[in-house]
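Here are the chains, one letter per residue:
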Amino acid sequence: MKLTVEETEQVYEEPITTQAPTQLNGADVFIETLKKHQVEVIFGYPGGAVLPIYDALYKNPIKHILARHEQGAIHAAEGYARVSGKVGVVIATSGPGATNLVTGIADAMMDSIPLVVFTGQVATTVIGTDAFQEADIIGITQPITKHNYQVKDVADFPRIINEAFHIASTGRPGPVVVDIPKNMATGLFVTPKDEDQEVNLPGYQPTTKPNFLQIQKAAQAISTAKQPLILAGAGVLFAKASDELAEFAEKYQIPVTNTLLGLGGIEGNHPLFLGMAGMHGTYTANMAIQTCDLLINVGARFDDRLTGNLNYFAPNARVVHIDIDPAEIGKNVPTEIPIVADAKEALEALIAHEAPKGNTAVWLESLNISKEQYPFHYQASEERGLLPQQVLELVHEYTNGDAVVTTDVGQHQMWTAQYYKFRSPHNWVTSGGLGTMGFGFPAAIGAQLAKPDAKVVS
């Protein structure tokens, strides 16, 4: 039987089958939950165990940055997190893909970088059988994460991811690992989603508000001190408290020194800034620590590169330690006035407290003389050629101190800390606690993605 053209068109216009509504699987829910956390970019490298997640990712607008090695991916995520203030997100496959992330996870833990790291895993049916590309990433990473999870029920995806982002970004920031067995990514999601589900972690309640009595004690100590000193660490940057730090220092006329990771917490050319302290710090900053009568630590952890021999560190000082992590207070240096709080909240409370101001004029004058007499210096000559210190001074001059700067680890890292004067916070990206080689270049890529219009120098 022949059909006319009109009849043919009519036949093809009629639906032949009725398509059932698409049901979400674990990978789809994974991506939808990331979108709710406003994740814009993921750093990763695919492999068999995470291919269902990559299939779901392909259909969504989240940008994926393909690294050439998983360690490069996680260092890029660290650079992104440090500069943007957001949580860095990483994904890798099971076995060697996951274990290649371990250095970056340890690095983020040491330097308090907020990351959520997703690792593929073999199916739950073969976990523990030494299946192909199986590794116990939960056991491996337990000492170097704030927390870690293994998804054992597809219905748990939203809760686990919500908790992971909450833990990574609150309190003292750090990395959280979420291990995803392949059959959890492919399994159908049948549990109705609670769109307004709040994170409820009774065992994890970071203290952010300072104790009023401790603030009073600190204010009293400041008012009677003749030679007070502020030691500002990365906690100032994580709390977005740079403005409060400057206001606090200016109100009470207290000089400021930074740890390596705290650089940028106060403007590099601020008249109260003494430079970096510690093994590679300025003469003036280190002598100020040795002679101060009150040391106010804001968000620093008193690591060995700063303190040297603890028996001789700040021998004349009463110590005030402000830190959101109570485990750090008194860990290395005995603390007379502990303040467990977010650095911004604590500084705001100290600024608002109307305590009498001590007279620090003589102290500041002596430190300014010391800064003039004992600056960082080098001997340049035509015979010696162009020196690294000169190069870094020129980079500072050409960028006006406004560039995002990343480094690897070693002498050049210390020269950068010494000769590049950061004008604003969140522009200094380096590996401090772990001292990871190969960090600088991938971190620069992540930093550039965080600030597309900024000048980034590695």
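Everything quoted here is computed from the prediction, not taken from an experiment.

A. Local environment of the packing of aromatic side chains. Considering all chains together, one arrives at 10 aromatic pairs under this definition. Note on Tyr-420 and Phe-422: the rings are 4.8 Å apart at their centroids and 55° apart in plane angle, and the pair reads as tilted. Phe-422 sits in the buried class, given a relative accessible area of 3%. Through a chain of ring-to-ring contacts, the aromatic side chains of Phe-30, Phe-118 and Phe-157 assemble into a single cluster.

B. Geometry of the sheet that holds strand 14 (residues 428-429). Ordered in space as 14-13-15, the 3 strands form an open sheet in which the pairing is parallel. Every other strand in the sheet has two partners, leaving strand 14 and strand 15 (456-457) as the edge strands with one partner each. With respect to the sheet, helix 19 (residues 440-450) is in contact with strand 13 (404-406), strand 14 and strand 15, its orientation differing from that of strand 13 by roughly 155°.

C. Structural view of the sheet that holds strand 9 (residues 273-276). Spatial strand order, 9-8-7-10-11-12: 6 strands in an open sheet with parallel pairing. Both edges of this open sheet fall to strand 9 and strand 12 (337-340), since each of them pairs with a single strand only. Across the sheet, the axes of successive neighbouring strands diverge by a mean angle of 15°, strand direction being ignored. The strands touched by helix 13 (residues 283-291) are strand 7 (228-232), strand 8 (256-258) and strand 9; relative to strand 9, the strand with the most contacts, the crossing angle is about 105°.

D. Quick peek at the packing of helix 17 (residues 388-399) against helix 18 (residues 411-419). Look at helix 17 against helix 18: their axes get within 9 Å of each other, and the N-to-C directions meet at 45°. As summarised for this structure, helix 17 and helix 18 are arranged oblique, according to the angle between their axes. Regarding helix 17 and helix 18, the two cross each other, and that crossing is right-handed. Contact with helix 17, carried on its side by Pro-388, Gln-389, Leu-392, Glu-393 and His-396, involves His-412, Trp-415, Thr-416 and Tyr-419 of helix 18 and no other residues of that element. Residues belonging to the contact of helix 17 with helix 18 are distributed by class as follows: 4 nonpolar, 4 polar and 1 charged.

E. Structural view of the nonpolar core. In terms of nonpolar packing, the biggest core is built from 45 residues, with Ile-230, Phe-248, Ile-296 and Ile-339 touching the most fellow members. If near-sequence neighbours (up to four positions away) are discounted, Ile-296 is found in contact with Ile-222, Leu-229, Ile-230, Leu-231, Phe-248, Ile-254 and Val-320. Ranked by size, the runner-up nonpolar core spans 35 residues in total, among them Ile-31, Val-39, Leu-57 and Val-178.

How each quantity is defined
- Residues numbered from 1 in each chain as written.
- Predicted model: local features only at pLDDT ≥ 70, side-chain atom pairs only at ≥ 80, totals over all residues.
- Heavy atoms only, no water.
- Phe/Tyr/Trp six-rings, centres within 6.5 Å; stacked < 30°, edge-to-face > 60°.
- Buried < 20%, exposed > 50% of the residue type's maximum accessible area, 1.4 Å probe, protein only.
- Pairing = 2+ DSSP bridges.
- Helix = DSSP H or I, 4+ residues; strand = E, 2+ residues; numbered from the N terminus.
- Contact = heavy atoms within 4.5 Å.
- Axes fitted to C-alpha atoms, helices over the stretch in contact; angles between N-to-C directions.
- Parallel < 35°, antiparallel > 145°, perpendicular 65-115°, else oblique.
- Left-handed = near helix turned anticlockwise from the far one by under 90°.
- Nonpolar A, V, L, I, M, F, W, Y, C, P; charged D, E, K, R; others polar.
- Core = buried A, V, L, I, M, F, W, Y, C linked by side-chain atoms within 4.5 Å.

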